[in-house]
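Examining the three-dimensional arrangement
Letter by letter, the chains look like this.
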Amino acid sequence: MSSSTQQAASPAQPEEGPPGPAQAAAAAAAPAAAAAPAVPAGRRGNWLATAALVCGILGGALVTIPAGLVLGVLGLRRAGQTGRGRARCWLAITLTLAWAVAVGYLLPHLIRAADPGCEAYKNNALTSYNRVAADANNGTDRTVLAHDLAAAGQQTDRAARDSHNPAAARSLAALSSGLHTMLTDIRAGREVPRQVLLTLNKDTDTADDACGTV
């Protein structure tokens, strides 16, 4: 039989009652939280791949070409961590490289074509030369041919003077010289040597190349 002192030293045990509202809510949320696994931050997506693909599609804007390559490489590195976006990155890199090749081919032609002498050649002189070639091939009256030759020579002279591109200026001057030689033969009633016609064709090809004709 325990003494009264021992009974007084023993702590009173709290009586268990029904759980409160907060405890009930916590108990209900615990299974749901355990059932939903945490999603690692690295596996939520690959925005670099999407950005690279957008730059690849817009590669014609030029400034997006380096951005597309950089983002594509960074996107591939992220794809190795997340497992997402690899196909988008390779497509972006492919598109960007295709744009780079196209721009590398066309840009020099566009720069040369912007030369004032080349613009005059393509807009006026070349049309007049083609008319001369048609006259020669169709056996047009020599008076008409001489008139067309004089117009073509004058326009080609003007294009050569206006050109800021040394190569274009030389080729246009050579073409103009050939046209004037042919005009001299026509006015003198002489048959135009075949070599003169061949030289004119060669000079037009040279002028087209110097002026960036694609």
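Calculation rules
- Within any chain, residue numbers begin from 1 and follow the written order of that chain's sequence.
- With pLDDT at 70 or above as the cut-off, local features in this predicted model cover only qualifying residues; side-chain atom pairs require 80 or more to be listed or tallied, and sums for whole chains, interfaces and linings still use all residues.
- Excluding hydrogens and water, the side-chain figures rest on all heavy atoms present in the structure.
- Throughout this description, the term nonpolar core refers to a set of buried Ala, Val, Leu, Ile, Met, Phe, Trp, Tyr and Cys residues connected via side-chain atoms within 4.5 Å.
- Relative accessibility decides the category of a residue: with a 1.4 Å probe and only protein chains considered, values under 20% of the type maximum give buried, values over 50% give exposed, and everything between is partly exposed.
- Helix and strand definitions follow DSSP, with helices as H or I runs of at least four residues and strands as E runs of at least two, each counted in order from the N terminus.
- Pairs of residues are marked as contacts when any of their non-hydrogen atoms sit within 4.5 Å.
- Pairs of cysteine sulfur atoms within 2.5 Å are what we label disulfides.
- Two joining distances apply to patches: 9 Å for like charges and 5 Å for nonpolar side chains (Val, Leu, Ile, Met, Phe, Trp, Tyr), and every residue must have over 30% relative accessible area and no salt bridge.
- Methods summary: accessible areas were calculated by the Shrake-Rupley approach with a probe of 1.4 Å, and residue burial reflects only the protein chains presented.
- We count a salt bridge whenever a side-chain nitrogen from Lys or Arg sits within 4 Å of a carboxyl oxygen from Asp or Glu.
- To get an axis, fit a line to the C-alpha atoms, keeping to the stretch in contact for a helix; angles then go from 0 to 180 degrees between the N-to-C directions.
- Each angle gets one of four labels, with under 35 degrees taken as roughly parallel, over 145 as roughly antiparallel, 65 to 115 as roughly perpendicular, and the rest as oblique.
- Left-handed is the label given to a crossing in which the near helix is rotated counterclockwise from the far helix by less than a right angle, and right-handed is the label when the rotation is clockwise.
- Side-chain classes are defined by residue name, with Ala, Val, Leu, Ile, Met, Phe, Trp, Tyr, Cys and Pro counting as nonpolar, Asp, Glu, Lys and Arg as charged, and the others, Gly among them, as polar.
- Confidence of the predictor at the level of single residues is captured by pLDDT, which takes values from 0 to 100.

The next thing to look at is the nonpolar core. Of all hydrophobic cores here, the largest spans 26 residues; its most connected members are Tyr121, Leu149, Leu179, Met182 and Leu200. Looking at this core, the elements with two or more residues in it are α6 (116–138), α7 (142–162), α8 (166–187) and α9 (194–210). Beyond its immediate chain neighbours, meaning those up to four positions away, Leu200 contacts Tyr129, Leu175, Gly178, Leu179 and Met182. Counting six residues, the second largest nonpolar core, distinct from the first, contains Leu48, Ala52, Leu53 and Cys55.

Our next topic: the state of the cysteines. Summed over the entire model, instances satisfying the criterion amount to one disulfide. Bridging Cys118 to Cys211, the disulfide has an S-S length of 2.2 Å. In this structure, the disulfide formed by Cys118 and Cys211 twists by about -80 degrees around the S-S bond and is classed as left-handed. Taken together, the residues Cys118 in helix α6 and Cys211 in the segment after α9 connect sequence positions 93 residues apart. Neither residue differs from the other here; Cys118 and Cys211 are each classed as buried.

Now for a nonpolar patch on the surface. Together, Tyr105, Leu106, Leu107, Leu110 and Ile111 line one region of the surface with nonpolar side chains, adding up to about 500 Å² of accessible area. In this fold, Ile111 is placed in helix α5 (residues 86–113). Given a relative accessible area of 57%, Ile111 falls into the exposed group.

What follows covers the pattern of salt bridges. Taken as a whole and assessed by the stated rule, the structure comprises one salt bridge. Put simply, Asp185 and Arg190 hold a salt bridge, and the shortest N to O gap is 2.8 Å. Looking at Asp185, the relative accessible area reads 10%, which means it is buried. By relative accessible area, Arg190 is classed as partly exposed at 41%.

Within the element layout of this structure, Lys202 appears in helix α9. According to the relative accessible area criterion, Lys202 is exposed, its value standing at 59%. As a C-alpha pair, Lys202 and Leu175 span 27 residues in sequence and 8.7 Å in three-dimensional space.

Moving on: the packing of helix α4 (residues 64–82) against α5. In the contact formed by α4 and α5, the axes pass within 9 Å of each other and the chain directions differ by 160 degrees. What the angle tells us is that α4 and α5 run roughly antiparallel. Crossing of α4 against α5: the hand is left-handed. Here α4 contributes Ile65, Gly68, Leu69, Gly72, Val73, Gly75, Leu76, Ala79 and Gly80 to the contact with α5, which in turn contributes Arg86, Cys89, Trp90, Ile93, Thr96, Leu97, Trp99, Ala100 and Val103. Taken together, the residues of the contact of α4 with α5 break down into 12 nonpolar, five polar and one charged.

The N-to-C vectors of α6 and α7 enclose an angle of 160 degrees; their axes lie 8 Å apart at closest approach. Classified by the angle their axes make, α6 and α7 are roughly antiparallel. Crossing geometry of α6 relative to α7 is assigned as left-handed. Seen from α6, the contacting residues are Pro116, Gly117, Ala120, Tyr121, Asn124, Ala125, Ser128, Tyr129, Arg131, Val132, Asp135 and Ala136; seen from α7, they are Val144, Leu145, Asp148, Leu149, Ala152, Gln155, Thr156, Ala159 and Asp162. In terms of residue class, the contact of α6 with α7 is made up of 12 nonpolar, five polar and four charged.

With that settled, the discussion passes to the confidence of the model for the protein. Taken residue by residue, the protein gives an average pLDDT of 80. The fraction at 70 or more is 79%. Highest mean pLDDT in the protein belongs to α7 (93); lowest belongs to helix α1 (residues 4–9) (46). In this model, residues 1–12 is a region of pLDDT below 50 whose contacts with residues beyond four sequence positions or in other chains number one contact. This stretch, residues 29–39, has a pLDDT under 50; its non-local contacts, to residues over four places away or in other chains, come to one contact.

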